[in-house]
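Structural characterization, general
In case you want the letters, here they are:
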Amino acid sequence: MGFLIRIVVNAFAIWIVTLIPALMVSVIPFPPGETLQLVLTLLLVAAIFALVNTIIGTVIKVLAFPLYILTLGLIGLVINAFLLWLTAWITGFWDWGLRVEDFWWGLVAAIIISLINWLAGLILRPKKD
């Protein structure tokens, strides 16, 4: 259940980022491009992003642990931007998916996605008694 909630929150965060035109991040929906196709595309892109973040992101974060210490964690922002760009690259093989036009604007988009995920985690976290 937690993975599904994570996908929905990621889809919402990606959708919010695509609403900011200056970031040059867009989602190209499945044809014919109606609202349902956009929602399904966002959910699929979010699932791919979650898998990339879980599998590849974990390996990169373990290998980059010394850089985390040297940069006081700021390398995490670059790693998150790379994972977002990697998701866009993976979905770029089809006519639908995530498009990130510039890596550095992708960095800003990754920061916004991380902030939205953090806020959703605070709100949706189960309360411990």
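The structure reproduced in this document is the subject of the present report.

Conventions adopted
- Residues numbered from 1 in each chain as written.
- Predicted model: local features only at pLDDT ≥ 70, side-chain atom pairs only at ≥ 80, totals over all residues.
- Heavy atoms only, no water.
- Helix = DSSP H or I, 4+ residues; strand = E, 2+ residues; numbered from the N terminus.
- Rg over C-alpha atoms; globule rule 2.2 N^0.38 Å.
- Buried < 20%, exposed > 50% of the residue type's maximum accessible area, 1.4 Å probe, protein only.
- Areas by Shrake-Rupley, 256 points an atom, 1.4 Å probe, with all protein chains shown as cover.
- Phe/Tyr/Trp six-rings, centres within 6.5 Å; stacked < 30°, edge-to-face > 60°.

With that out of the way, let us pick up the overall build of the protein. For the protein, the count of helices and strands is 5 helices and 2 strands. Seen in sequence order, the protein has helices and strands lined up from the N terminus as α-β-α-α-α-β-α. For 129 residues, the compact-globule estimate of 2.2 N^0.38 gives 14 Å, and the C-alpha radius of gyration of the protein, at 15 Å, lies within 12% of that figure. Oriented by its inertia axes, the alpha-carbon framework of the protein measures out at about 45 × 40 × 25 Å. Sorting the 129 residues of the protein into buried and exposed places 36% on the buried side. In the form shown here, the protein has an accessible surface area of approximately 8,000 Å², with 77% of it arising from carbon and sulfur atoms.

Let us look at the packing of aromatic side chains. This model, assessed by the stated rule, comprises 6 aromatic pairs. Here the aromatic rings of Trp-94 and Trp-96 are separated by 5.2 Å at their centres, their planes lie at 10 degrees, and the arrangement is stacked. When its relative accessible area of 12% is taken as the criterion, Trp-96 is described as buried. These aromatic residues form a ring-pair network of at least three members: Phe-30, Trp-94 and Trp-96.

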